[in-house]
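Residue-level listing of the chains:
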Amino acid sequence: MKVKFVYISFIVSLCTYGQEPVLSMGSRFPDMMIANISNAPIKEFYLNKVKDNKFYILNFWGTWCSPCIPEMDTLAKLQKQNAERIQVIAISDDDEERKSKYLKNKPSGIWLATDTGYTLYNMLSFISVGQSAIINPDKRIVALVQTDSINQQMINRLLRRDTVKMSAGIKESMIKANEDAFGVDSLTQHSFTIRGYKKGQQTMGKRYLSGIYKGRRISWFNVTIGLLYRTAYNIKSYKVQELYDSTVTEKDVSDFENKSTLYCVDLLMRPEQKDSLFYYLQQYLNAFLPVKARSEKRVMPVYVLKRKDAGALKITLSEANESSFGFSGKGYDGTKVLVKDFAEDYLDNELGLPVVDETGLPGYYDIKTNVEQRDEAGILKSIENIGFVVEKAERKMPVIVYYK
């Protein structure tokens, strides 16, 4: 969610301590330089000093953001149709190489800027990429919107100087807390807490991988019912492995916009019961949440992960002492991980179907991929580069059924 800008230390201090947007609707665009611009007649410029009659659309995106790619396609068409009245500048944390590869695949009139510090993004306090700020010829911010809402009708309203309703996601002011949010201390052996939405708390989950709670505690803040049940039942593929009976809709379990359906949950097991953490989580969630869930098995389409060929494998057996992994739209980086976990934790998420490991590779590996563009072709190319392929198949897989 990262054009290098000036005044970085000033901006960071405002964002860190003020906890409020520095820029909002009606603000004049600041005296700051947008730099590292590709696909443009200039490499850097001060937007608020440009003397023209254009609207500037600043879209925050990334080649690693799969929903951002079709949004950029739409913006490219709008740029071409309105070239004399608007200029789209897409701001990401992508380096020149990634931007160059993107433009080779998708030539357009959009300028691409790089901001590895997320400076302007933080000043606007956007909650995620896929949001845009629109600046009018008077150099004031006249719209903060979700990028997928920008169309020709909106452009026409802007040109008429009509008001455009705000739709962008803006971060709430975060609370500061030094104590355990659920009141758990070192003497607590077993506890379960469930609460509703907590204002000012970032949406997050936490697994305790070290310390006195290692392997026996799990916590969430402001998450959906669906996310809680998927974790409890080890369901990796969002939507594909989730079914609903006639009493429940998807909005009942997966609507982040409706704060009344978000929960904060904490479960701590006794040390001798830590292996049953997720079993008890299932029981507690079904006892206290308004929507229930049960586990079944169904035959469904899947991807099967296989080795490309015997000599193509470019992952190494791990010699590390500790396991760790992380992934983003740019790829996967795992140390001492099972191939099964690489398939289920990462590829499930990226390919939209369950991924079954049938490589036959035992043991722990160090696995790293590099995704040039976050779409299916980019994901498949990245795993082929380390010696894997996926094939479509059908398998009997676990699912959860929601009901009331």
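The rules behind these values
Residues numbered from 1 in each chain as written. Predicted model: local features only at pLDDT ≥ 70, side-chain atom pairs only at ≥ 80, totals over all residues. Heavy atoms only, no water. Pairing = 2+ DSSP bridges. Helix = DSSP H or I, 4+ residues; strand = E, 2+ residues; numbered from the N terminus. Axes fitted to C-alpha atoms, helices over the stretch in contact; angles between N-to-C directions. Contact = heavy atoms within 4.5 Å. Core = buried A, V, L, I, M, F, W, Y, C linked by side-chain atoms within 4.5 Å. Buried < 20%, exposed > 50% of the residue type's maximum accessible area, 1.4 Å probe, protein only. Phe/Tyr/Trp six-rings, centres within 6.5 Å; stacked < 30°, edge-to-face > 60°. Lys NZ or Arg CZ within 6 Å of the ring centre and 35° of its normal. pLDDT = per-residue confidence, 0-100. Parallel < 35°, antiparallel > 145°, perpendicular 65-115°, else oblique. Nonpolar A, V, L, I, M, F, W, Y, C, P; charged D, E, K, R; others polar. Salt bridge = Lys/Arg side-chain N within 4 Å of Asp/Glu carboxyl O. Polar contact = N/O pair within 3.5 Å; in protein donor to acceptor, adjacent residues only side chain to side chain. Right-handed = clockwise from strand over helix to strand, strands pointing away. Left-handed = near helix turned anticlockwise from the far one by under 90°. Disulfide = S-S within 2.5 Å.

1. Observations regarding the pairing of strand β16 (residues 331-337)
Part 1 of the argument: For strand β15 (residues 324-328) and β16, the ladder comprises five bridges, and the chain directions are antiparallel. The partner of serine 324 across the bridge, within β16, is threonine 335.
Part 2 of the argument: Of the strand pairs in this sheet, β16 and strand β18 (residues 365-368) are connected by three bridges, and their pairing is antiparallel. The residue bridging glycine 334 from the neighbouring strand is isoleucine 367, located in β18.

2. Side note on the sheet that holds strand β7 (residues 141-146)
Part 1 of the argument: Judged by pairing direction, the sheet is mixed, and its five strands sit side by side in the order β5-β4-β3-β6-β7 without closing on themselves. The open sheet has two free edges, formed respectively by β5 (111-114) and β7, since each of these has just one partner strand. Direction aside, the axes of adjacent strands within the sheet are offset by 20° on average.
Part 2 of the argument: By the bridge criterion, five bridges tie strand β3 (residues 55-60) to strand β6 (residues 131-135) in an arrangement that is antiparallel. Paired with tyrosine 56 across the two strands is isoleucine 135, which belongs to β6.
Part 3 of the argument: Contacting β3, β4 (86-92), β6 and β7, helix α5 (residues 152-159) runs over the sheet at an angle of about 140° to β3.

3. Observations regarding the nonpolar core
Part 1 of the argument: Within the largest apolar cluster, 52 residues are counted, with the highest numbers of intra-cluster contacts made by Leu58, Leu120 and Leu124.
Part 2 of the argument: Looking at this core, the element that brings in the most residues is helix α2 (residues 68-81), giving six residues.
Part 3 of the argument: Grouped together as the second largest cluster of nonpolar side chains are 24 residues, Val223, Val248, Val253 and Leu267 included.

4. Considerations on the packing of aromatic side chains
Part 1 of the argument: One pass over the full model with this rule turns up 22 aromatic pairs.
Part 2 of the argument: For the pair tyrosine 121 and phenylalanine 126, a centre-to-centre distance of 6.3 Å together with 65° between the ring planes defines the contact as edge-to-face. Each of the two residues, tyrosine 121 as well as phenylalanine 126, counts as buried.
Part 3 of the argument: A network of ring pairs unites the aromatic residues Phe325, Phe327, Tyr332, Phe342, Tyr346 and Phe388 as a single cluster.
Part 4 of the argument: Its end group placed over the ring of tyrosine 46, lysine 49 keeps NZ or CZ at 4.8 Å from the ring centre.
Part 5 of the argument: One cation-aromatic arrangement involves lysine 336 over tyrosine 364; the distance from NZ or CZ to the ring centre is 5.8 Å.

5. A short note on the confidence of the model for the chain
Part 1 of the argument: Looking at the chain, the pLDDT average stands at 90 and 93% of residues meet or exceed 70.
Part 2 of the argument: The model gives residues 1-20 a pLDDT under 50, and that stretch makes 50 contacts with residues more than four places away or in other chains.

6. Some words on the packing of helix α9 (residues 339-351) against helix α10 (residues 376-384)
Part 1 of the argument: Their axes nearest at 10 Å, the elements α9 and α10 cross at an angle of 155°. As summarised for this structure, α9 and α10 are arranged roughly antiparallel, according to the angle between their axes. Two secondary-structure elements touch here, α9 through Phe342, Tyr346, Leu347, Glu350 and Leu351 and α10 through Glu376, Ile379, Leu380 and Ile383.
Part 2 of the argument: Residue composition of the contact of α9 with α10, grouped by class: seven nonpolar, no polar and two charged.

7. Focus on α9
Part 1 of the argument: Among all positions in α9, only Val339, Phe342, Ala343, Glu344, Tyr346, Leu347, Asp348, Glu350 and Leu351 are buried.
Part 2 of the argument: Once α9 ends, the next one or two residues include glycine 352, with phi positive near 80°.

8. Focus: the pattern of salt bridges
Pairs can form between side chains of opposite charge whenever their charged atoms are close.
Part 1 of the argument: Under the counting rule described, the total for this entry stands at 24 salt bridges.
Part 2 of the argument: Its salt-bridge partner being arginine 217, residue aspartate 180 comes within 3.0 Å of it at the nearest N-O pair. Here arginine 217 lies in strand β10 (residues 217-224) and aspartate 180 lies in the loop between α5 and β8 (191-196), a separation of 37 residues in the sequence.
Part 3 of the argument: By relative accessible area, aspartate 180 is classed as partly exposed at 30%.
Part 4 of the argument: A relative accessible area of 2% places arginine 217 in the buried class.
Part 5 of the argument: A network of salt bridges, in which partner residues are shared, links Glu97, Lys101, Glu372 and Lys381.

9. So, the side chain of aspartate 93
Part 1 of the argument: Residue placement: aspartate 93 occurs in the loop between β4 and α3 (96-105).
Part 2 of the argument: According to the relative accessible area criterion, aspartate 93 is buried, its value standing at 12%.
Part 3 of the argument: Polar contacts involving the side chain of aspartate 93 include one to the side chain of tryptophan 64, which spans 2.7 Å.
Part 4 of the argument: Looking at aspartate 93, its side chain comes within polar contact range of the side chain of lysine 330, at 3.4 Å.

10. A few points about the pairing of β5
Part 1 of the argument: Every second residue of β5 is oriented toward a common face, with Trp111 and Ala113 on one face and Leu112 and Thr114 on the other, all of them buried.
Part 2 of the argument: Pairing analysis gives four bridges linking β4 to β5, with the strands arranged parallel. Bridge pairing in β5 places serine 92 opposite threonine 114.
Part 3 of the argument: Between the parallel pair β4 and β5, the chain is carried across by α3, and the sense of this crossover is right-handed.

11. Quick word on the packing of helix α6 (residues 225-232) against helix α8 (residues 277-288)
Part 1 of the argument: Running from N to C, α6 and α8 cross one another at 150°; their axes reach a closest spacing of 9 Å. As for the relative orientation of α6 and α8, their crossing is left-handed in sense. Facing α6, whose interface residues are Leu228, Tyr229, Thr231 and Ala232, α8 presents Phe278, Leu281, Gln282, Leu285 and Asn286.
Part 2 of the argument: For the contact of α6 with α8, the residue count by class is six nonpolar, three polar and no charged.

12. Remarks on the state of the cysteines
Part 1 of the argument: Using the criterion set out here, one finds one disulfide in the structure.
Part 2 of the argument: A sulfur-sulfur separation of 2.2 Å characterises the disulfide bridge that pairs cysteine 65 with cysteine 68. Between cysteine 65 and cysteine 68, the S-S dihedral sits near 75°, and the bridge is therefore right-handed. Like cysteine 68, cysteine 65 is buried.

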